[in-house]
Amino acid sequence: MASGTMQLNASSIREDFPILGRKVNGKPLIYLDNAATSQKPRQVIDSIRDYYGNYNANVHRGIHRLSEEASEAYESSREKAARFINAGFEETIFTKNATESLNLVAYSIGMQLGKGDEVVVSEMEHHSNFVPWQQICLKKGARLRFVKIDKEGRLDMDDLAGCLNRKTRIVSITHVSNVLGTINPVREIAKLAHDCGALFIVDAAQSAPHMPLDVRSIGCDFLAFSSHKMLGPTGIGVLYGKKELLDSMQPFIYGGDMIREVTFESTRFNELPWKFEAGTPNIAGGIGLGAAIGYLEKIGMENVFEHEKMLSEYALGRLLSEEDIKVYGPKKGRAGVISFNLKGIHAHDVAAILDQEGIAIRGGHHCAMPLMSRLEASGTARASFYIYNTKQEIDAMASALEKVRGVLTGR
Ligand SMILES: *Cc1c(COP(=O)(O)O)cnc(C)c1O
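What counts as what
- Residues numbered from 1 in each chain as written.
- Predicted model: local features only at pLDDT ≥ 70, side-chain atom pairs only at ≥ 80, totals over all residues.
- Heavy atoms only, no water.
- Helix = DSSP H or I, 4+ residues; strand = E, 2+ residues; numbered from the N terminus.
- Rg over C-alpha atoms; globule rule 2.2 N^0.38 Å.
- Buried < 20%, exposed > 50% of the residue type's maximum accessible area, 1.4 Å probe, protein only.
- Contact = heavy atoms within 4.5 Å.
- Areas by Shrake-Rupley, 256 points an atom, 1.4 Å probe, with all protein chains shown as cover.
- Near = heavy atom within 4 Å.
- Polar contact = N/O pair within 3.5 Å; in protein donor to acceptor, adjacent residues only side chain to side chain.
- Nonpolar A, V, L, I, M, F, W, Y, C, P; charged D, E, K, R; others polar.
- Salt bridge = Lys/Arg side-chain N within 4 Å of Asp/Glu carboxyl O.
- Pairing = 2+ DSSP bridges.
- Right-handed = clockwise from strand over helix to strand, strands pointing away.
- Axes fitted to C-alpha atoms, helices over the stretch in contact; angles between N-to-C directions.
- Expected span 1.5 Å × (residues − 1).

Visitor: I keep staring at the overall build of the chain and nothing clicks. Help me out?
Guide: Of regular secondary structure, the chain possesses 14 helices and 17 strands. Whereas a compact globule of 411 residues would reach a radius of gyration of roughly 22 Å, the chain reaches 22 Å, a difference of no more than 12%. Its C-alpha atoms give the chain principal-axis dimensions of about 75 × 55 × 40 Å. For the chain, the proportion of its 411 residues judged to be buried stands at 56%. Long-range pairs, those at least 24 residues apart, make up 70% of the contacts in the chain between residues at least 6 apart in sequence. Carbon and sulfur atoms make up 51% of the accessible area of the chain, which amounts to about 17,600 Å² in all.

Visitor: Would you explain the site of the ligand in this entry?
Guide: Near the ligand there are 13 residues, and of these T99, D203, Q206, S226 and K229 occur at the shortest range. A distance of 3.4 Å separates an oxygen atom of the ligand from a polar backbone atom of A98. D203 has a polar side-chain atom sitting 2.5 Å from a nitrogen atom of the ligand. For the ligand, whose unbound accessible area comes to 380 Å², protein coverage reaches 89%. Classifying every residue of the shell around the ligand by side-chain character gives two nonpolar, nine polar and two charged.

Visitor: Hey, could you run me through the pattern of salt bridges in this one?
Guide: Opposite charge on two side chains lets them pair, provided their charged atoms get close. Under the counting rule described, the total for this entry stands at 25 salt bridges. One salt bridge connects K27 with E357, and the closest N-O pair in it is separated by 3.4 Å. Here the residue K27 occupies a position in strand β2 (residues 27-28), and E357 occupies one in the loop between α12 (347-356) and β15 (359-360), the gap between them amounting to 330 residues. Given a relative accessible area of 31%, K27 falls into the partly exposed group.

Visitor: What exactly am I supposed to notice about the pairing of strand β7 (residues 168-174) here?
Guide: A regular strand places its side chains so that they alternate between the two faces of the sheet. The element β7 is largely enclosed, with a buried count of six among its seven residues. Bridging between strand β5 (residues 118-122) and β7 involves three bridges; their strand directions are parallel. Bridging from a neighbouring strand, E118 pairs with T168 of β7. Direction of pairing for β7 relative to strand β8 (residues 199-203): parallel, over a ladder of five bridges. Bridge assignment links I170 to a residue of β8, and that residue is L199. Handedness of the β-α-β unit built from β7, helix α7 (residues 186-195) and β8 comes out right-handed.

Visitor: Looking at this structure, how should I read the side chain of S77?
Guide: Structurally, S77 can be placed in helix α3 (residues 65-84). Overall, the relative accessible area of 3% leaves S77 in the buried class. Apart from residues lying up to four places away in sequence, S77 is in contact with F94, G286, I287 and G290.

Visitor: Any chance you could explain the pairing of β8 here in plain terms?
Guide: In terms of burial, β8 is largely enclosed, as five of its five residues are buried. With three bridges joining them, β8 and strand β9 (residues 222-226) adopt parallel strand pairing. Its bridge partner being in β9, V202 is matched across the sheet by L223.

Visitor: Any chance you could explain the sheet that holds strand β4 (residues 92-95) here in plain terms?
Guide: Pairing between the strands of a sheet is mediated by backbone hydrogen bonds and can be parallel or antiparallel. Pairing within the open sheet is mixed, and its seven strands lie in the order β4-β10-β9-β8-β7-β5-β6. The open sheet has two edge strands with one neighbour each: β4 and β6 (143-147). Each adjacent strand pair in this sheet contributes to an overall mean axis angle of 20°, direction not counted. Strand contacts of helix α4 (residues 98-110): β4, β7, β8, β9 and β10 (237-241), with the helix running at about 150° to β9, the strand carrying the most contacts.

Visitor: Would you mind going over helix α11 (residues 301-320) with me for this structure?
Guide: Structurally, the α-helix is built with 3.6 residues per turn, so residues lying three or four positions apart point the same way. Taking 1.5 Å as the rise per residue, α11 with 20 residues should run 28 Å; its terminal C-alpha atoms sit 28 Å apart, in good agreement. Buried within α11 we find M301, N303, V304, H307, E308, L311, S312, A315, L316 and L319.

Here's what the structure looks like:
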């Protein structure tokens, strides 16, 4: 809501990120690879150091003080993660990352698929929301269908409607494309999926870090994201699932912590959310994710979104004005991820020359090889923004692209 938004102060935010003070190839680091992973503020780094330095212990099992403190910190991070997406505590499962969250659903729900069932994904999925479904469908004899994208790089909603029918059991689609920056209309898709009796799963790896999220308002059945793309540490992610669905599902991994009672013959599983969390979890990671959520909430997710929208409009303006640059994805109403190619130059070469200037972007297929074939590109260069990026950094990237042309084509 425009009334509630405030311009975010990127220069004071930058002071919280120690890594932004370093140089790369003698130049100040310009980090524009946030769709791959984000940098971490001091508050997150300190929370992890504090855990290991002051109250390191295993969670859920100790009677002693340190274990109580660690359990309390870990579970209070879960509360924060639940509140962050408007989910219930029991509905918020900690995993390793978005990939594991999606695999958990694919295996647990996918086990129930059979011949004649259909699963619908889109052409713009990341491999982690694509390969698990492809493999489950192959194993179970179910059919995997792909919703097309249109010329602008948006989901073709007519094609989606055409893919849905009585046989559709699962629709699993990304909220924001990690290549095109497209924001998909997830509320609308939820309605369409539910109208034909299917479950709807949202890959929120590129939306949870960058915009307000509300699983109730979306109306999805499951939603997955990773901590490391939203200022938190690697090795921890979240799966939201509707309670009644999680209750009815088989665990994906078995072991300690997820049990209530074990005999030689059988096992009663623990209650939610721990039923899905076998073994010692990533305690430090959970605590760090809690600190990251606290940091983002202080800024306000509306403000995060507005800042990146401003940056991506600015960057698009600069890139689109160049005749030899092809920009992929919608020109409007998109997130802060921009894929492009310089005519006649490989994306890897663009990324390598920018690196010499201290600028980190990504070049390649971005874990979306089916989409690359759809775009008829072997790869793209990709710049992606976050709260600490500035217009000046985009200007620096644009000047460095001049250099790329000079070095590689003599233009
Ligand atoms: C990064 C990403 C994933 C996978 O995240 P991991 O942290 O590698 O598990 C899934 N989907 C999208 C859209 C992504 O950008």
